[in-house]
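Each chain is listed here by its residues.
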Amino acid sequence: MNHQPFETWMFEMDQLEPTQAAALNAHLAECAECRRLMESWQTVEYQLKTAHPINPTPGFTARWQADLPLRQQREQLQLARQWLWGLGSASLVMAFALVVYLLTTQSPVTMFVNLVEFINGAAIFLAQTQSILKIISDIVPSTVWIILGVVLLVGLVGANLIWILPQLRDRNKGVSRNENFA
Amino acid sequence: VSFAETDWLRQAQHHDDEAFTHLVETYQTPVYNLCYRMLGNAQEAEDAAQETFWRAYQAINRYDPSRPFGTWLLSIAAHYCIDQQRRKRVPTLDVDLMTDMDAPDPAPQPEKVLGQQQEKEVIARVLDNLNEQDRAIIILRYWQEYSEEEIGQALSLSVSAVKSRLHRARRQLAQLWLDSPQQVALERNHHESPAF
């Protein structure tokens, strides 16, 4: 027996025209196979329609609030890690490209000579810088160095506080809100 | 969407955590229910629901206010649960585990708890046999009473795809019910239990 289109219609009862519904009923009256399937679907649909929505265990919102600062910290860490990975990868690619460039444009002997010259130049530059700093230190009184040191220290501590305080504030904010919603 | 909700949404888009918390409070049940029906486990449903709200929190500035917030949220939840299911690819139903983990009412009536538990088992059993996307479609259709257009929006499917999948899922559920050895016992419960 041909079960179409009745087999389709029995799952779309709410969209049938009256003539289609009548034809389906007539088919169901004579087709036991479709009737069983239809009854089966009606039972399942009844179960679905009457099933209660399931609530989360109490305190869902409080758990959300408690986790929020942790999730934010994790995300910041992840972003920092991604940024570092990106930077590291870009540096590696650039270093590799530089090595390839040097190898294809210069002989190893020339490269070695250039490297020695570069190290020599750097050493001379450092020696000159050291002499200049020594002259400055002889001219400037020691109290100025102490003041500069204190300013630098205060600046470092201040920068650290600027970084740490918002995190502490966020953590406390999350906890206090938990109390409100618990 | 209430005025208060519109207000919370606007404030949440301006990084107001408290306003977003009101949204969590409002939508926790539909989101959790979807996750529970999809994953069949209380702890996984809790994690999935929390993750859904976190994803929504991160993407709140990309939310289009012309679209219902609930649909947007359930779309995130459904996609997340579908991904979780695909990763696991193992049977999701553990009725014993569910019985242990679900918190009963504070003052449960034995027959009510029994009826609801049986109901959960029946629903979980039939849904467990559907693939992830078809299950999401059935859940959105019957618990959220979404139209085919809304289901399409939530699951990034065309209306014709939703119709075709909905028909396939219904056909499969009916056939599974017919073939199920527990059918007789469950139907007996259906007729006898006051919960049904």
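Structure: above.
Given the structure is predicted, the values throughout are model-derived calculations rather than measurements.

A count of helical and extended segments in chain B gives 10 helices and 0 strands. Counting from the amino terminus, chain B carries its helices and strands in the arrangement α-α-α-α-α-α-α-α-α-α. With 196 residues in all, chain B has 52% of them scored as buried. Considering only intrachain contacts with a sequence separation of at least 6, the fraction spanning at least 24 residues in chain B is 65%. Accessible surface, chain B: about 9300 Å² in total, of which carbon and sulfur atoms supply 49%.

Moving on, we come to the nonpolar core. Residues A:Leu48, B:Phe20, B:Val31, B:Phe53, B:Phe69, B:Ile138 and B:Leu155 are the most contacted members of the largest nonpolar core, which totals 78 residues. Looking at this core, the element that brings in the most residues is helix H2 (residues 17–39) of chain B, giving 12 residues. Excluding anything up to four places from it in sequence, B:Leu155 contacts B:Ala78, B:His79, B:Ile82, B:Gln133, B:Ala136, B:Ile137 and B:Leu140.

All right, on to the interface of chain A and chain B then. The partner chain B presents 44 residues to the 36 residues of chain A that form the contact. Buried area between chain A and chain B, both sides added, is near 4200 Å², and the carbon and sulfur share of it is 61%. Scanning the region where chain A abuts chain B turns up 3 salt bridges. Residues B:Glu46 and A:Arg63 are paired through a salt bridge, measuring 2.7 Å at the closest nitrogen-oxygen approach. Put simply, the parts of the chain that give the side of chain A that touches chain B at least two residues each are helix H1 (6–9), helix H3 (32–50), helix H4 (60–105) and helix H6 (142–181) of chain A.

With the rule as written, the count across this model stands at 9 salt bridges over all chains. Here A:Glu7 and B:Arg171 are joined by a salt bridge, their closest N and O atoms 2.8 Å apart. One end of the pair, A:Glu7, is in helix H1; the other, B:Arg171, is in helix H9 (residues 159–179), on a second chain. Judged by its relative accessible area of 16%, A:Glu7 falls in the buried class. On the accessibility criterion, B:Arg171 (23% relative accessible area) is partly exposed. With its nearest N and O atoms 3.7 Å apart, the salt bridge here joins A:Glu45 to A:Lys49.

This brings us to the packing of aromatic side chains. Residue and element names in this part refer to chain B. Scanning the model with the defined rule gives 14 aromatic pairs over all chains in all. Measuring from centroid to centroid gives 5.3 Å for Tyr27 and Phe69, while their planes differ by 70°, and the two rings are edge-to-face. Of this pair, Tyr27 sits in helix H2 while Phe69 is found in helix H4 (residues 69–88), placing the two residues 42 residues apart along the sequence. Here Phe69 falls in the buried class, since its relative accessible area comes to 1%.

Since there are 3.6 residues in each turn of an α-helix, residues three or four apart along the chain are aligned in direction. Residue and element names in this part refer to chain B. Relative to the 33 Å expected for 23 residues at 1.5 Å per residue, H2 spans just 28 Å between its end C-alpha atoms, considerably shorter than the ideal helical length. In the structure, H2 departs most strongly from a straight axis at Tyr27, where the bend amounts to approximately 55° and where the proline Pro30 lies between one and four residues downstream. The element H2 is extensively covered by neighbouring structure, given that 17 of its 23 residues are classed as buried. The N-cap of H2, judged by a side-chain oxygen 2.9 Å from the amide nitrogen of Glu18 a few residues on, is Asp16.

Reading the values: rules and limits
- Residues numbered from 1 in each chain as written.
- Chains lettered and ligands numbered in written order.
- Predicted model: local features only at pLDDT ≥ 70, side-chain atom pairs only at ≥ 80, totals over all residues.
- Heavy atoms only, no water.
- Helix = DSSP H or I, 4+ residues; strand = E, 2+ residues; numbered from the N terminus.
- Buried < 20%, exposed > 50% of the residue type's maximum accessible area, 1.4 Å probe, protein only.
- Contact = heavy atoms within 4.5 Å.
- Areas by Shrake-Rupley, 256 points an atom, 1.4 Å probe, with all protein chains shown as cover.
- Core = buried A, V, L, I, M, F, W, Y, C linked by side-chain atoms within 4.5 Å.
- Buried area = accessible area lost by both parts, 1.4 Å probe.
- Salt bridge = Lys/Arg side-chain N within 4 Å of Asp/Glu carboxyl O.
- Phe/Tyr/Trp six-rings, centres within 6.5 Å; stacked < 30°, edge-to-face > 60°.
- Expected span 1.5 Å × (residues − 1).
- Bend = angle between axes of the 7 residues up to and from the residue.
- Polar contact = N/O pair within 3.5 Å; in protein donor to acceptor, adjacent residues only side chain to side chain.

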